[in-house]
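As a plain string of letters, each chain reads:
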Amino acid sequence: MSRLRTYIERQKPEYLHTIIPPEIAADMVVVIPCYNEPALFETLENLRVCGRPDTNVLTVIVLNSGVLANEEVVAQNRTSYEEIGQFAERYNKPGFGFFPLLFEDLPRKHAGVGLARKIGMDLAVEHFLRNGKSRGVIVSLDADCTVSDNFLTTIWEAFSGDKLLNGTIHDFRHRVEPGGLLSESAAREYEAYIRYFRSMLEYTGFPYYWHTIGSAFAVSADAYVRVGGMGRQQGGEDFYFLQKIFALGHVDELKDVRVFPMARLSDRVPFGTGPSLQRMMDQPAGNMRAYSKRSFQELKQLFDRIDEFFKKDNQSVKAVTAILHPSLQQFLKEIDFPALVRDCSENSATPVTFRKRFFHHFNAFRIIKYLNQVHPDPFLYESLAALVDKY
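Residues numbered from 1 in each chain as written. Predicted model: local features only at pLDDT ≥ 70, side-chain atom pairs only at ≥ 80, totals over all residues. Heavy atoms only, no water.

Caption draft 1: Up close: the pattern of salt bridges. Summed over the entire model, instances satisfying the criterion amount to 21 salt bridges. K133 is paired through a salt bridge with D27; the nearest N and O atoms lie 2.8 Å apart. Of this pair, K133 sits in the loop between helix 4 (113-130) and strand 4 (137-140) while D27 sits in the loop between helix 1 (2-9) and strand 1 (28-34), and the two are 106 residues apart along the sequence. Linking E184 and R188 is a salt bridge whose minimum nitrogen-to-oxygen distance equals 2.1 Å. Taken as a pair, E184 and R188 lie in helix 6 (residues 184-204) at a separation of 4 residues, close to a single helical turn. Look at the salt bridges and you will find they share partners, linking R173, E184, R188 and E191 into a network. (Salt bridge = Lys/Arg side-chain N within 4 Å of Asp/Glu carboxyl O. Helix = DSSP H or I, 4+ residues; strand = E, 2+ residues; numbered from the N terminus.)

Dropping the structure here:
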């Protein structure tokens, strides 16, 4: 419990002023950030009727708005807060319930989904600490999702059955609003891109290849605090956070657990589902481009040779990399690859620890930087439809 206590003591007290009542004694907390979501109750109702595990489950809804939020958003959040309270009074039962939190006037610099998700998850940690539950489970969900009937039961079974488990990744399929601007084909094309990118990362030998979707993961409270908690980014907080969770190891992909987010056009965050879908809508149907398969093949040539770098000097490292594609060689030069390898060797006693440290340096951020650097020259972006057909 000391890790949880140390973590909570380091957090800003203004975000911990509304604690989850200790008597709820939740073992699993579902955290839902909510910003101006009038359709939230489809999500809550869906959670209410899905299968329930034999443990205490609480869903925490973090209604949030920043200092610059307009009056309509603030009013909608306040209305939702009151309605969730009524929903809870009607449906809460011992061992299963809903708990709304209202946070207004969040600072301009950090107001957004990252901070809202962090507030809810930090309060879950504080709740587990009060009740002595270091293996409490934090489930991340969004306010526009429905879930498969086994959502809660299978997640709980995974964590309760494996005491070393740090996180789980869940499957997804986007829903499309009837009569909305977004087509079914656009949503499926976006999903195909995510799955293509994931499959190519796995193909290269990169060990942390899972998708990073904010509504499709769960973590143990202990793992959460070990990586420093959720970030406050206004978008992409799920990606940054999960990269750190993946590096801990003991992550399980629950392919039979599925979330169904609403595929919506959005400009709330700089990147993510909404902006990606907006860019797709600006292109002709079926014309989405993706990183070329060749760029991943060249990266695989490097990752296949990782063990050859262990305890080698600079000249030996350069000799191995000399056979790689010139564009990859240029990238390695720019990141001072020999120094990276030297750090891994000096801090690793075995090839296994060397490899783990290697991917600490050559992580998903660095892979994306490489991919962006080699496209469109020398590798052209390719048609996603053609890539998916081939792979």
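Now, onward.
Caption draft 2: Looking closely at the sheet that holds strand 3 (residues 96-106). Read across the open sheet, the 8 strands follow the order 3-2-1-4-7-6-8-5; overall the sheet is mixed. In this open sheet, the two edge strands, each paired with only one partner strand, are strand 3 and strand 5 (145-147). Strand-to-strand twist across the sheet, computed as the mean angle between neighbouring axes with direction ignored, equals 30°. As paired strands, strand 1 and strand 4 are joined by 4 bridges and run parallel to one another. Bridging from a neighbouring strand, V30 pairs with V139 of strand 4. Along the sheet face, helix 5 (residues 151-161) touches strand 1, strand 2 (57-66), strand 3, strand 4, strand 5, strand 6 (167-172), strand 7 (217-220) and strand 8 (251-261) and points at about 165° away from the line of strand 8. (Pairing = 2+ DSSP bridges. Axes fitted to C-alpha atoms, helices over the stretch in contact; angles between N-to-C directions. Contact = heavy atoms within 4.5 Å.)

Caption draft 3: Representation of helix 5. Summarising burial for helix 5: 8 of the 11 residues are buried, a large majority. Where helix 5 is concerned, the buried positions are F151, L152, T153, T154, I155, W156, A158 and F159. (Buried < 20%, exposed > 50% of the residue type's maximum accessible area, 1.4 Å probe, protein only.)

Caption draft 4: Structural detail: the packing of aromatic side chains. Per the counting criterion, the structure on display carries 29 aromatic pairs. Each ring, one from F206 and one from Y208, has its centre 5.6 Å from the other, and the planes form 80°; the classification is edge-to-face. We classify Y208 as buried; its relative accessible area is 13%. An angle of 90° between the planes, with centres 6.2 Å apart, marks the rings of F303 and F358 as edge-to-face. On the criterion of sequence distance, the pair formed by F303 in helix 10 (residues 293-303) and F358 in helix 14 (residues 351-361) is long-range, its members being 55 residues apart. (Phe/Tyr/Trp six-rings, centres within 6.5 Å; stacked < 30°, edge-to-face > 60°.)

Caption draft 5: Focus on the nonpolar core. By size, the foremost hydrophobic cluster in this structure holds 83 residues, and its most contacted members are Y224, L302, F303, F337 and F362. Among residues more than four places away in sequence, those in contact with Y224 are Y7, K118, M121, D122, V125, I138, V219, G229, M230, F241 and I245. Grouped together as the second largest cluster of nonpolar side chains are 39 residues, M28, C50, F151 and Y190 included. (Core = buried A, V, L, I, M, F, W, Y, C linked by side-chain atoms within 4.5 Å.)

Caption draft 6: Focus on the layout of surface pockets. By volume, the second largest pocket is sized at about 230 Å³. Lining the second largest pocket are 14 residues, and of these Q243, A247, F359, H360 and N363 lie nearest its centre. At the level of elements, helix 8 (237-248), helix 14 and helix 15 (364-373) are the ones that each hand at least two residues to the lining of the second largest pocket. It is helix 14 that contributes the most residues to the lining of the second largest pocket, 5 residues altogether. Here the residues of the lining of the second largest pocket sort into 7 nonpolar, 4 polar and 3 charged. (1 Å grid on protein atoms, 1.4 Å probe; cavity = no way out; pocket = protein on both sides within 12 Å on 5 of 7 lines; lining within 4 Å. Points joined across faces, edges and corners; volume = space filled by probe spheres on them. Nonpolar A, V, L, I, M, F, W, Y, C, P; charged D, E, K, R; others polar.)

Caption draft 7: Just the pairing of strand 8, in detail. Across 3 bridges, strand 5 lies against strand 8 in antiparallel orientation. Within the sheet, the bridge partner assigned to T146 lies in strand 8 and is F260. In terms of strand pairing, strand 6 meets strand 8 through 6 bridges, oriented parallel. Counterpart to T168 in the pairing with strand 8 is D252.

Caption draft 8: Layout of the confidence of the model for the chain. Considering every residue of the chain, the mean pLDDT works out to 91; 92% of them sit at 70 or more. The low-confidence segment residues 267-271, where pLDDT is below 50, has 13 contacts with residues more than four positions distant or belonging to other chains. The model gives residues 273-281 a pLDDT under 50, and that stretch makes 25 contacts with residues more than four places away or in other chains. (pLDDT = per-residue confidence, 0-100.)

Caption draft 9: Highlighting the packing of helix 8 against helix 15. Between helix 8 and helix 15, the shortest axis-to-axis distance is 10 Å and the interhelical angle comes to 125°. On the basis of their axis angle, the class for helix 8 and helix 15 is oblique. Contacts between helix 8 and helix 15 involve F239, Y240 and Q243 from the first element and A364, F365 and I368 from the second. Counted by class, the contact of helix 8 with helix 15 contains 5 nonpolar, 1 polar and no charged residues. (Parallel < 35°, antiparallel > 145°, perpendicular 65-115°, else oblique.)

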